Amino acid sequence: MNQAPPSFALKSLAAAVCVLACAMSAQAQEKTLRIAMTAADIPRTLGQPDQGFEGNRFTGIPMYDALTHWDLSKADAASVLIPGLATSWAVDAKDKTKWVFKLRPGVKFHDGSALTADSVVWNVRKVLDKGAPQFDPSQVGVTASRMPTLVSARKIDDLTVELTTSEPDSFLPLNLTNLFMASPAHWEAKLKAVPASVTDAAERAKQAWTAFAADASGSGPFRMTRFVARERLELAANKAYWDPKRTPKIDKVVLLPMPEANARTAALLGGQVDWIEAPAPDAMPQITQRGYKIYSNAQPHVWPWQLSFAEGSPWLDKRVRQAANLCVDRGGLKQMLGGMMAEPKGTVPQGHPWWGNPKFDIKYDVKAAQALMAQAGHSAAKPLKVKVQISASGSGQMQPLPMNEFVQQSLKACFFDVEFDVIEWNTLFTNWRKGVKDPSANGANATNVSFAAMDPFFAMVRFSSTKTFPPVSNNWGYYGNAEVDKLIADARTTFDDKGRDAALAKLHAHLVDDAAFVWIAHDVGPRAMSAKVKGVVQPRSWFIDIAPMTMD
């Protein structure tokens, strides 16, 4: 048997050691960011996320692009709309139901295919056209409910697309931040892999989307590398991303579902994760003492009770609605949360362009609340029974169990007997679109789903228009009338910003004066992070951008 000379064997050994050392060094230098979400499962990855806006934040914005984006680069100014995959857009001067969007050239999906006008048309049809091969009913609810006037898309040329709405709608460019573009070519490849024995077109599409979700392809700054349902999602940097400012410097992001606040906090303090959403309030001093950073900022995010206006609802009496708003000890609630909330006066704060100077002042005034309840025929001996459907965790839900229990105790002083129906967050979110008249409400006459209020449709219109009754959008309680519809139409058909803001201010004042919600808190989005995470911008938005961050 031939034997290698000693010098050759030593060189081979040295080379092997070098390869191993280099591999270990590269692994050590890989920047991995581990995030614990409030969701109980990984938000859907196929293009249109679920799990509320936590889905948009963690599987939408990182993995995908939309025609329009929110500017998440500033902590000291409200997030505004900026170009995304569209570089510009304009409504037709003669026909205000038609918009033309100019697309960004040279954008590639993660699978290498080009993003063109055909891609945009394909993605619109996936949620609006039941005759399209790629139509996916499972994506419709979380998409169409957020842009209910969009009806079709038409290619003009490779980089120009025309979108049509059912009525003039100045809100459309804002709503389009929620329509994420998935790769048609990648989906077609998944469709071809469906066994030929599956002949039903709808079933073939469903299986293709299931395969796509496990191996997704968007055009965002991060791409999927590993997915384990209910356990973890791993993303890698897309170094070929089209925007140099958002080309990631972090190599890898790991997303972990952790719905329980104490578990998230323990994972952070134990070094298992680098970032947690909504830390346990009583642990915040310990978190900061251990060198972790807590980020928060005022943001357009409302934590309310949304009320039923269906026949027989205990909330039909305006005196009762106003009494509930006057009986919540928001200062005490803020103290319980370690200061991590803002006290609301309505859906938007005073000084906001949509404020509108309502006459009803939302404050803590137990005596005034008791007087209103007495006028409505209620007392300590004859309390008003109400039932609220709530969650135990979830995106934007802050600390839903202790917060709701606190409100329950507050309202007891004003002759309210509050019962809770506690369900899983994503189920509550799905029920939100089904409405109070659906069996899923389980007898509840109020629901506690927090909501983002960054644009007019999301903040007010979807909760107050008679055109957004379930299952169209999120008017769960069937609130609305001709007067409100007229205010909405005035805002929706005004295409200059100042005029639109003036119309929206009238709408907001009306909703507050009518006590359409019980406004309980405004979220400030607390999240705790390791000091290793740098370049964090906590914007005045429900969203946050991981892409520009770095790690030591």
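## Here we look at unusual backbone geometry
- P471 follows P470 through a cis peptide bond whose omega is 5 degrees.
- As for its placement among the helices and strands, P471 is situated in the loop between helix 15 (456–464) and helix 16 (482–492).
- Residues other than glycine seldom take positive phi values, yet R230 does so here, at roughly 65 degrees.
- Relative to the helices and strands, R230 is located in the loop between strand 8 (222–228) and strand 9 (232–237).
- On the accessibility criterion, R230 (62% relative accessible area) is exposed.
- With a phi close to 55 degrees, N442 is a non-glycine residue in the positive phi region.
- Here N442 lies in the loop between helix 14 (425–434) and strand 16 (446–447).
- A residue is classified by how much of its surface remains accessible, and N442, at 41% relative accessible area, is partly exposed.

## Points about the pattern of salt bridges
- Tallying each qualifying case throughout the model produces 24 salt bridges.
- Ionic pairing is found between R527 and E277, a salt bridge with its closest N-O pair at 2.7 Å. Here the residue R527 occupies a position in strand 19 (residues 527–529), and E277 occupies one in strand 11 (residues 275–277), the gap between them amounting to 250 residues.
- Here R527 falls in the buried class, since its relative accessible area comes to 1%.
- Here D490 and K486 are joined by a salt bridge, their closest N and O atoms 3.0 Å apart.

## A closer look at the pairing of strand 7 (residues 160–165)
- When you tally the buried positions in strand 7, you get six out of six residues, the bulk of the element.
- Across the two faces of strand 7 the burial is the same, with T160, E162 and T164 and V161, L163 and T165 all buried.
- For strand 5 (residues 98–103) and strand 7, the ladder comprises five bridges, and the chain directions are antiparallel. If you follow K102 over to strand 7, its bridge partner there is T160.
- Across six bridges, strand 6 (residues 150–157) lies against strand 7 in antiparallel orientation. From the neighbouring strand, A153 faces strand 7, where its bridge partner is L163.

## A few points about the side chain of T97
- Residue position: T97 is located in the loop between strand 4 (86–91) and strand 5.
- Here T97 falls in the buried class, since its relative accessible area comes to 15%.

## As for the nonpolar core
- Ranked by size, the top nonpolar core spans 123 residues in total, and within it W305, W315 and F416 carry the most contacts.
- With six residues, helix 15 is the single largest residue contributor to this core.
- The contact partners of W315, leaving out residues within four places of it in the chain, are W305, L307, S308, F309, V320, R321, A324, V386, F416, N445, A446 and V518.

Reading the values: the criteria
Along each chain, residues carry numbers from 1 onward, in the same order as the chain's sequence is written. This being a predicted model, a pLDDT of at least 70 is required before a residue's local features are given, and a value of 80 or more before pairs of side-chain atoms are given or counted; all residues contribute to the totals for chains, interfaces and linings. To obtain the side-chain values, all non-hydrogen atoms of the structure were used and water was disregarded. Think of it this way: any DSSP run of H or I at least four residues long counts as a helix, any run of E at least two long counts as a strand, and we number them from the N terminus. In this scheme, a residue with accessible area under 20% of its type's maximum is buried, one over 50% is exposed, and one in between is partly exposed, where area comes from a 1.4 Å probe on protein chains only. A pairing counts as a salt bridge when a side-chain nitrogen of Lys or Arg comes within 4 Å of a carboxyl oxygen of Asp or Glu. In this description, strands pair whenever DSSP reports at least two bridges between them. Residues belong to one nonpolar core when they are buried, are Ala, Val, Leu, Ile, Met, Phe, Trp, Tyr or Cys, and are joined through side-chain atoms within 4.5 Å. Any two residues having at least one pair of non-hydrogen atoms within 4.5 Å are treated as being in contact.

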